[in-house]
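Each chain, written out:
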Amino acid sequence: MARLFRGSLTLLLALSLSACSIFSSKDDDIKTPKALQPLVEEQVKLVKVWSRSVGKGAGSSFASLKPALNGDRVFVSGADGEVSALERDTGKVIWRKSLDVVVGGGVSADAGMVLLGTLDGEVIALNQESGDELWRSRVSSEILSAPVTDGVYVAVQSIDDHLSVFDAQSGDFLWRQDTLQPALTLRGSASPLLFTEAVFAGFASGEAKAFRLQNGAPLWSARIAMPSGRTELERMVDVRGTPLMVGETIFFTSFQGNIAALELYTGRVRWSKQLSSYESMADGFGSVYVTSEEGYVTSVDQRSGASSWRQTDFEFRQLSAPATFSSYLVVGDGEGYLHVLSQVDGSQIGRFKVASSAIKAQPQVDIDLILVMTSDGELVALKEKIIESGDS
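Residues numbered from 1 in each chain as written. Predicted model: local features only at pLDDT ≥ 70, side-chain atom pairs only at ≥ 80, totals over all residues. Heavy atoms only, no water.

Peer 1: I tried to follow the overall build of the protein on my own but got confused; where do I start?
Peer 2: A count of helices and strands for the protein gives zero helices and 36 strands. Scored against the burial criterion, the 392 residues of the protein give a buried share of 58%. At a minimum sequence separation of 6, the contacts of the protein that also span at least 24 residues come to 49%. Surface summary for the protein: the accessible area is close to 16,000 Å², and the carbon and sulfur share equals 47%. (Helix = DSSP H or I, 4+ residues; strand = E, 2+ residues; numbered from the N terminus. Buried < 20%, exposed > 50% of the residue type's maximum accessible area, 1.4 Å probe, protein only. Contact = heavy atoms within 4.5 Å. Areas by Shrake-Rupley, 256 points an atom, 1.4 Å probe, with all protein chains shown as cover.)

Below, the structure written as structure tokens:
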């Protein structure tokens, strides 16, 4: 949860969070992470398959360097612009490129490309097979999330809430949608979501919007959260997590606001529930899973918005976004632990000490493999240990 706030004049408030403590709503009130308790029964055991140093990590910065899986390869970037392609099963380096840029949001990989954004406002596309640079294009401000593509278009959201779309083959700029920002916003952005002919994104105004990919024409706009309070800090309602699509429903979360389920094609709000988060979500077993800034993990029914369970044992432990793995849920914390929860009731059923540094990025899951990126630049691949009959 190492996050900064920024204002319309690039004001940076002194609210960055250390690895051992977190600010509450009062600026002078520091909360200590809740101590971990021994597991009653470790039902799921994880083992390390491989690990690889992949460049400079995020450190104490706000960056969340997500890796990307595509086929039998893993793609990852350090904060220093060292981009690598690794074998999925072994971690062996296939290629490595040093781009001499500062990366703030990790990479995405699709349609034969590896995409990343920089703090200088550049979108860079590399060839998945060779790592050769295909093109570079520029946006209006810093990029703190990975650009995404469907093979025809590339979309990226910069921290000034500008949504930009490019031609995937040439990198030529096609269109941009600007959204008026509040005076104070969270320092960050999320990857937009592309589906068929539309792009979906959330904004610092508390709104979710859909645009036509071909020309940027607005399709719909929906209010996720309404600003309230007397101060600019209290009125922050940024929609910062990447949209989550399940069937014909799209889910958004907002800081100091709500989680909401919207109809994919119309933007009509099916339900809305008060729940504050600026992280991306995960889905499984008919639920949406959300981590809050307080360190709570909540299961919300996809159809009704009712809470199925809430896990409070990780209070102020600076949780990452969650990910579903088999019938479990995994989430990292600020002390380098990966926690395994039951999707049924949220109980703790496993724990693995990945590193001594924080896990800020959402774990990435591919069938039986969990990829975890640590803030010191280590990429770790984990699998569930098969416990034979009679093993202790």
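Peer 1: Whenever I open this one, the sheet that holds strand β11 (residues 122-127) confuses me. Can you help?
Peer 2: Sheet strands pair by backbone hydrogen bonding; their relative direction is either parallel or antiparallel. The four strands are arranged β9-β10-β11-β12 in an open sheet whose pairing can be described as antiparallel. Looking at the sheet topology across the chains shown, the edges are occupied by β9 (103-110) and β12 (133-138). On average, adjacent strands in this sheet sit at an angle of 15° to one another, irrespective of strand direction. Where strand β10 (residues 113-118) and β11 come together, five bridges link them in antiparallel fashion. When the sheet's bridge partners are listed, L116 is paired in β11 with I124. (Pairing = 2+ DSSP bridges. Axes fitted to C-alpha atoms, helices over the stretch in contact; angles between N-to-C directions.)

Peer 1: Explain the side chain of R88 here, please?
Peer 2: Along the polypeptide, R88 turns up in the loop between β7 (82-87) and β8 (93-98). A relative accessible area of 9% means that R88 is categorised as buried. Among the polar contacts listed, one links the side chain of R88 to the side chain of D89, at a separation of 2.6 Å. For R88, the side chain forms a polar contact with the side chain of D366, separated by 2.5 Å. (Polar contact = N/O pair within 3.5 Å; in protein donor to acceptor, adjacent residues only side chain to side chain.)

Peer 1: Sorry if this is basic, but what is going on with the sheet that holds strand β14 (residues 153-157) here?
Peer 2: What the four strands build is an open sheet, ordered β13-β14-β15-β16; its pairing is antiparallel. Two strands in the sheet have a free side with no partner beyond their single neighbour: β13 (148-149) and β16 (173-178). Where β13 meets β14, two bridges bridge the pair, whose relative direction is antiparallel. Looking across to β14, one finds that V148 is bridged to A155.

Peer 1: I tried to follow the confidence of the model for the protein on my own but got confused; where do I start?
Peer 2: Low-pLDDT stretches of the model should not have their predicted coordinates read in fine detail. Here the protein averages 89 in pLDDT, and 89% of its residues register 70 or above. Taken together, the stretch residues 1-28 has pLDDT below 50 and engages in 75 contacts with residues farther than four places along the chain or on a different chain. (pLDDT = per-residue confidence, 0-100.)

Peer 1: It is not clear to me how the nonpolar core should be interpreted in this structure. Could you clarify?
Peer 2: Counting residues in hydrophobic clusters, the biggest one holds 27 residues, and the most contacted among them are L116, L126 and L379. Within the residue set of this core, elements represented by two or more residues are β6 (73-77), β7, β9, β10, β11, β35 (369-373) and β36 (378-384). Once residues lying within four places of it in the same chain are set aside, the contact partners of L126 are V83, W95, L99, G112, M113, V114, L116, G131, D132, E133 and L134. In this structure, L46, F325, I370 and V372 belong to the second largest nonpolar core, which totals 17 residues. (Core = buried A, V, L, I, M, F, W, Y, C linked by side-chain atoms within 4.5 Å.)

Peer 1: I would appreciate a short explanation of the side chain of R351 in the present structure.
Peer 2: Mapped onto the elements of the fold, R351 is located in strand β33 (residues 348-353). Here R351 is buried and forms no salt bridge, its nearest opposite-charge partner D313 lying at an N-O distance of 7.1 Å. A polar contact is formed between the side chain of R351 and the backbone oxygen of Q37, at a distance of 2.8 Å. Discounting residues that sit within four places of it in the chain, R351 has contacts with L36, Q37, L39, E42, Y337, L338 and H339. (Lys, Arg positive; Asp, Glu negative; His and termini not counted. Salt bridge = Lys/Arg side-chain N within 4 Å of Asp/Glu carboxyl O.)

Peer 1: In this structure, what is going on with unusual backbone geometry? I would like to understand it.
Peer 2: For residues other than glycine, phi is negative in most cases, and the peptide bonds are mostly trans. A positive phi angle, near 65°, is found at D161, a position not held by glycine. Locating D161 in the fold gives a position in the loop between β14 and β15 (162-167). Residue D161 is classed as buried on the basis of its relative accessible area of 0%.

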